[in-house]
Amino acid sequence: MGIRDFLRDKVQKVNTPDQQRKEIDEKLWLKCSGCGEINYHKEVTKALQTCPKCGKHFPITVREKIDIIIDPGTFQEIDENLKSLDPLKFKDSKKYPDRVKAAVKKTGMNDAFVSGIARINDRPVHIGGIEFGFLGGSMGSVVGEKIVRLVESAIEKNTHVITISCSGGARMQESILSLMQMAKTSAALVKLRQKGLGHISLLTDPTTGGVTASYAMLGDINIAEPGALICFAGPRVIEQTIRQTLPEGFQRSEFLLEHGMVDMVLHRQDWKSGISKVLEFFG
Amino acid sequence: MATVLDFEAPIVEIEAQLDELRNLPGLNSDQMNKEISSLEDKLAKVRANIYKRLTPQQKVMVARHPDRPYTLDYIQNIFTDFTELHGDRLFREDPALVCGMAKLDGEPVMVIGHQKGRNTKENIHRNFGMVNPEGYRKSQRLFEMADMFKRPVITFVDTPGAYPGIGAEERGQAEAIARSLMVMAGLKVPMITVIAGEGGSGGALAIAMGNRIGMLEHSIYAVISPEGCASILWKDASYAGKAAEALKLTSKDLKELNIIDEIIEEPMGGAHRNHPATAAKVKDFIVRNLAELKTMTPEQLFEDRYQKFRNMGVFAE
């Protein structure tokens, strides 16, 4: 404990009741889940929700990710009205429509993908991303359709495409329809390529399963968030299959960089400048 | 001894009785012939009864039947002059995915399919039909070669899924599948896919983007195995039966969802009962659809496949 913390503690113990003191502590200070260091909340916010000491990236929403990349106030959302249906009448412990309803309420989004047109250093781009908070960012019919429409709109308006992934993979409640979104999104990228337009894929923690195994790995440039889990089969599935414990850092961004799967690992603070350089190269 | 699924027990029992009767000395009495023919009738009825009413979980068992025809059986029964082609030119050969040139009624085609083994030794060699990234990179190479020389592509799907292992992840299983989807989407030759057994998620889809997709009656195709789905959503793999129902993985379900074009009927009692008869139906499906696709230009074939997958998905607006 630093001297500052010690003094603050003393002062507050005198002046505030326990519960209130705890709330103030949580507002002002944040313990990093990576290095265990205590950070001043404002510092963490300034570092775009990363630990100023060890660089650990804390989860943020997809809208926050988009805002980090684009010129402020330039985002115009498209296709925001698409909603999931329940073609399979899927029910496990809960009905699928009830799960969707709860996710809509929780996130304020109609489904797990938000997309639109924006500007980066005044250059128009199409940008879209997955919200993990919406059913684990799983890719169902709506997510797949919105990705394809984003790409189609980019082709029509002649801009490059940026996708931001953060997903548990396929949406099981849509079974085969969910699987087909992998084919559909990948096919759209063929058309984008035919027009000479680029796809920058930003992979954030976590990106797994059918999302990794389709459009997300198909960036002309793949960029990973530091320390993100990026894989096809999740660590638990692999451990069950091979009955071994996995090595430290397995399937993390730095591992993917080492194995040649991503072009670069970029800190949030470098997202905008890094993507701008790629866009400049794309022309 | 052939593998018997538990719900097939009544069938096997009558078959045993029939065998016994036929082997009795002093055959050919009228009484005996009558007995045999009545048992044969009964057998057909019982078999039809069981197979017309298979639950999704029972279909999973039939789709995984160890005597079910595999890619190499279809190759033998449908094509001639098969020459296997090996390797991804990057890492190694993957025996879980069989690829090669063959002739279909005299016409050169590229055949690609998952291959399971019939016994433990074979299954270790074939990795139980679970493909590694190098397998998918081999098929990408050969999809592109078929495209270059304007030869149709026929694929056979039968895999529990892409292999989930350390090496597979290190070598980019996700990228290998993703790139396969892109390569197939770009093909300007006819491509026909047969879902022959287990359609296990991304590992199946990685060779399954045909302009036309046929599915054997008792095959299955889903985003995850019933066991995997049960352990995630029910937190208990023993709910696999419920998951099999919920996942809508039968050929009938997939036809209704417009994911497949045609259900290929199996011989009564399942494809494992009669490989040549099954192959004949599959061949008919391939030949008919190939003839239709061959009337299209390369651009039309590309666009036909694009629109087919573009339109998959159900949502509200």
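Keep in mind the model is a prediction, meaning the values are calculated, not measured. (Residues numbered from 1 in each chain as written. Chains lettered and ligands numbered in written order. Predicted model: local features only at pLDDT ≥ 70, side-chain atom pairs only at ≥ 80, totals over all residues. Heavy atoms only, no water.)

Novice: Pulling in residues and values, what's your account of the overall build of chain B?
Specialist: Helix and strand counts for chain B come out as 14 helices and nine strands. Over its C-alpha trace chain B gives a radius of gyration of 21 Å, about what one expects of a compact globule, namely 20 Å for 317 residues. Its C-alpha atoms give chain B principal-axis dimensions of about 65 × 50 × 45 Å. Burial analysis of chain B (317 residues in total) assigns 56% to the buried set. Across chain B, contacts joining residues at least 24 apart in sequence account for 71% of those joining residues at least 6 apart. Counting only carbon and sulfur atoms, one obtains 52% of the accessible surface of chain B, whose full area is about 13,300 Å². Of the side-chain charges in chain B, 39 are positive and 44 negative, and the distance between the mean point of each set is 3 Å. (Helix = DSSP H or I, 4+ residues; strand = E, 2+ residues; numbered from the N terminus. Rg over C-alpha atoms; globule rule 2.2 N^0.38 Å. Buried < 20%, exposed > 50% of the residue type's maximum accessible area, 1.4 Å probe, protein only. Contact = heavy atoms within 4.5 Å. Areas by Shrake-Rupley, 256 points an atom, 1.4 Å probe, with all protein chains shown as cover. Lys, Arg positive; Asp, Glu negative; His and termini not counted. Charge placed at Lys NZ, Arg CZ, Asp CG, Glu CD.)

Novice: Describe the pattern of salt bridges, listing the residues and the values that go with them.
Specialist: Residues and elements named next belong to chain B. The tally for this structure, following the rule as stated, stands at 38 salt bridges over all chains. Across the pair E227 and R64 runs a salt bridge, and its minimum N-O distance is 2.9 Å. On the criterion of sequence distance, the pair formed by E227 in helix 10 (residues 226–234) and R64 in the loop between helix 3 (56–63) and helix 4 (71–78) is long-range, its members being 163 residues apart. On the accessibility criterion, E227 (30% relative accessible area) is partly exposed. Classification of R64 by relative accessible area gives partly exposed; the value is 30%. The salt bridge involving R118 is made with D73; its shortest N-O contact spans 2.6 Å. A residue pair is termed long-range when its members are at least 10 positions apart, and R118 in the loop between strand 3 (107–114) and helix 5 (120–126) and D73 in helix 4 qualify at 45 residues. (Salt bridge = Lys/Arg side-chain N within 4 Å of Asp/Glu carboxyl O.)

Novice: Explain the environment of A187 of chain A to me, and be specific about the residues and the numbers.
Specialist: Along the chain, A187 of chain A turns up in helix 7 (residues 175–194). According to the relative accessible area criterion, A187 of chain A is buried, its value standing at 3%. Each C-alpha atom, one on A187 of chain A and one on S214 of chain A, is 9.5 Å from the other, the two residues being 27 residues apart in sequence. Discounting residues that sit within four places of it in the chain, A187 of chain A has contacts with A185 and Y306 of chain B.

Novice: Lay out the domain arrangement of chain A in plain terms, naming residues and giving numbers.
Specialist: Residue and element names in this part refer to chain A. Each assigned domain of chain A is listed here: domain 1 (1–58) and domain 2 (59–282). Once you take the C-alpha centre of each, domain 1 and domain 2 turn out to be 32 Å apart. Each partner contributes residues to the interface: domain 1 has eight residues there, and domain 2 has eight residues. Both faces considered, domain 1 and domain 2 share a buried interface measuring about 690 Å² in area, 63% of it formed by carbon and sulfur atoms. For the side of domain 1 that touches domain 2, the residue count by class is three nonpolar, four polar and one charged. (Domains from an automatic or database assignment. Buried area = accessible area lost by both parts, 1.4 Å probe. Nonpolar A, V, L, I, M, F, W, Y, C, P; charged D, E, K, R; others polar.)

Novice: Could you give me a rundown of the domain arrangement of chain B, with the residues and numbers involved?
Specialist: Residue and element names in this part refer to chain B. Annotation of chain B at the domain level lists domain 1 (6–53) and domain 2 (59–310). Between domain 1 and domain 2, the C-alpha centre-to-centre distance is 36 Å. Domain 1 puts nine residues into the contact, and the matching count from domain 2 is nine residues. Taken together, the two surfaces of domain 1 and domain 2 that pack against each other cover about 760 Å², and 60% of this comes from carbon and sulfur. Our count for the domain 1 to domain 2 interface comes out at one salt bridge. The partner of R273 in a salt bridge is E15, with the nearest N and O atoms 2.7 Å apart. Where domain 1 meets domain 2, there are three residue pairs in polar contact (both at pLDDT 80 or more). Elements represented by at least two residues in the side of domain 1 that touches domain 2 include exactly helix 1 (9–22) and helix 2 (30–52). By residue number, the principal contributor to the side of domain 1 that touches domain 2 is helix 2, which donates four residues. Considering only residue class, the side of domain 1 that touches domain 2 consists of four nonpolar, no polar and five charged. (Polar contact = N/O pair within 3.5 Å; in protein donor to acceptor, adjacent residues only side chain to side chain.)

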